[in-house]
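Here are the chains, one letter per residue:
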Amino acid sequence: MYKELSSGVKISITRSISTSFELYLASIGWDEDKFSMEDFMASWQQYFTENAAWFDKVPHEVLVSEEFHNEIAKKVDEVMAKILDEAPTKKQIDSIEKLQKKLGTNYKYGCKAEAAYVEQLLKEKLK
């Protein structure tokens, strides 16, 4: 069912997953101990029903089908893995190192998205 959707809808679904995943992780301070898949899924559901263009473009019978739910669950796993596996850029690492030296902090970050979160956090602390 997912495969039959237009490429624009599939891109919109992927974007909604990645955006809401990053927003959810920021809301828990990227703390693994606070992560709850149930909370993330509730957050994503709220995000896509309120903000995502794809939701209104998928027929209701597709949205409620078990097959579609299984395919979306796989997509969620893929998107999450891709985000968590993407290494921070050299520019991010350099910026964070400079900011941490100025602030005397030692935040850890394991991926590009978490590095963006840490970098923004540090910039806010400098203000």
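Conventions used here
Residues numbered from 1 in each chain as written. Predicted model: local features only at pLDDT ≥ 70, side-chain atom pairs only at ≥ 80, totals over all residues. Heavy atoms only, no water. Phe/Tyr/Trp six-rings, centres within 6.5 Å; stacked < 30°, edge-to-face > 60°. Helix = DSSP H or I, 4+ residues; strand = E, 2+ residues; numbered from the N terminus. Buried < 20%, exposed > 50% of the residue type's maximum accessible area, 1.4 Å probe, protein only. Axes fitted to C-alpha atoms, helices over the stretch in contact; angles between N-to-C directions. Left-handed = near helix turned anticlockwise from the far one by under 90°. Contact = heavy atoms within 4.5 Å. Nonpolar A, V, L, I, M, F, W, Y, C, P; charged D, E, K, R; others polar. Parallel < 35°, antiparallel > 145°, perpendicular 65-115°, else oblique. Core = buried A, V, L, I, M, F, W, Y, C linked by side-chain atoms within 4.5 Å. Salt bridge = Lys/Arg side-chain N within 4 Å of Asp/Glu carboxyl O.

The chain carries the name Group-specific protein in an unreviewed UniProt entry, which gives Lysinibacillus louembei as its organism.

Would you mind going over the packing of aromatic side chains with me for this structure?
Given two aromatic rings, one states the distance between the centres and the angle between the planes to describe the pair. Evaluated as defined, the whole model comprises nine aromatic pairs. Each ring, one from Phe21 and one from Phe35, has its centre 6.4 Å from the other, and the planes form 80 degrees; the classification is edge-to-face. Here Phe35 lies in the loop between helix 1 (7–27) and helix 2 (37–50) and Phe21 lies in helix 1, a separation of 14 residues in the sequence. Assessed through its relative accessible area of 31%, Phe35 is described here as partly exposed. With 6.3 Å between their ring centres and 25 degrees between their planes, Trp44 and Trp54 make a pair best called stacked. One end of the pair, Trp44, is in helix 2; the other, Trp54, is in the loop between helix 2 and helix 3 (60–63), with ten residues separating them in the sequence. Assigned by exposure class, Trp44 and Trp54 land together as buried.

I keep staring at the packing of helix 5 (residues 90–103) against helix 6 (residues 112–126) and nothing clicks. Help me out?
What describes two packed helices is the angle between their axes and the distance between those same axes. Close contact between helix 5 and helix 6 brings their axes to 10 Å; oriented N to C, the two are set at 35 degrees. Taken as a pair, helix 5 and helix 6 cross one another with a handedness that is left-handed. On helix 6, the residues touching Gln92, Ser95, Ile96, Leu99, Gln100, Lys102 and Leu103 of helix 5 are Lys112, Ala115, Ala116, Val118, Glu119, Leu122, Lys123, Lys125 and Leu126. Considering only residue class, the contact of helix 5 with helix 6 consists of eight nonpolar, three polar and five charged.

Mind showing me how you'd approach the environment of Leu5 here?
Considering the arrangement of structural elements, one finds Leu5 in the segment before helix 1. Judged by its relative accessible area of 12%, Leu5 falls in the buried class. With 89 residues separating them along the chain, Leu5 and Asp94 place their C-alpha atoms 41 Å apart. With residues near it in sequence (within four places) discarded, Leu5 still touches Lys10, Ile13, Val58 and Phe68.

I tried to follow the packing of helix 2 against helix 4 (residues 66–85) on my own but got confused; where do I start?
Viewed as axis vectors pointing N to C, helix 2 and helix 4 meet at an angle of 105 degrees, and their least axial separation amounts to 13 Å. Judged by the inter-axis angle, helix 2 sits roughly perpendicular to helix 4. Counting all contacts with helix 2, which are made through Met37, Phe40, Met41 and Trp44, the residues of helix 4 involved are Ile72, Val76, Asp77 and Met80. Here the contact of helix 2 with helix 4 is composed, by residue class, of seven nonpolar, no polar and one charged.

I tried to follow the nonpolar core on my own but got confused; where do I start?
In globular proteins that are soluble, nonpolar side chains generally tend to be buried together. Ile13, Phe40, Trp44, Trp54, Val58 and Phe68 are the most contacted members of the largest nonpolar core, which totals 26 residues. Discounting residues that sit within four places of it in the chain, Ile13 has contacts with Tyr2, Leu5, Trp54, Phe68 and Ile72. Grouped together as the second largest cluster of nonpolar side chains are five residues, Ile96, Leu99, Val118 and Leu122 included.

Quick question: what am I supposed to make of the pattern of salt bridges here?
A side chain of one charge can pair with a side chain of the opposite charge if their charged atoms are brought near each other. Summed over the entire model, instances satisfying the criterion amount to five salt bridges. Lys90 is the salt-bridge partner of Asp94, the closest N and O atoms lying 3.1 Å from each other. Here Lys90 and Asp94 lie together in helix 5, a separation of four residues that amounts to about one turn. Ionic pairing is found between Glu124 and Lys127, a salt bridge with its closest N-O pair at 3.4 Å. Given the relative accessible area of 41%, Glu124 is considered partly exposed. On the basis of relative accessibility, which here comes to 77%, the residue Lys127 falls in the exposed class.

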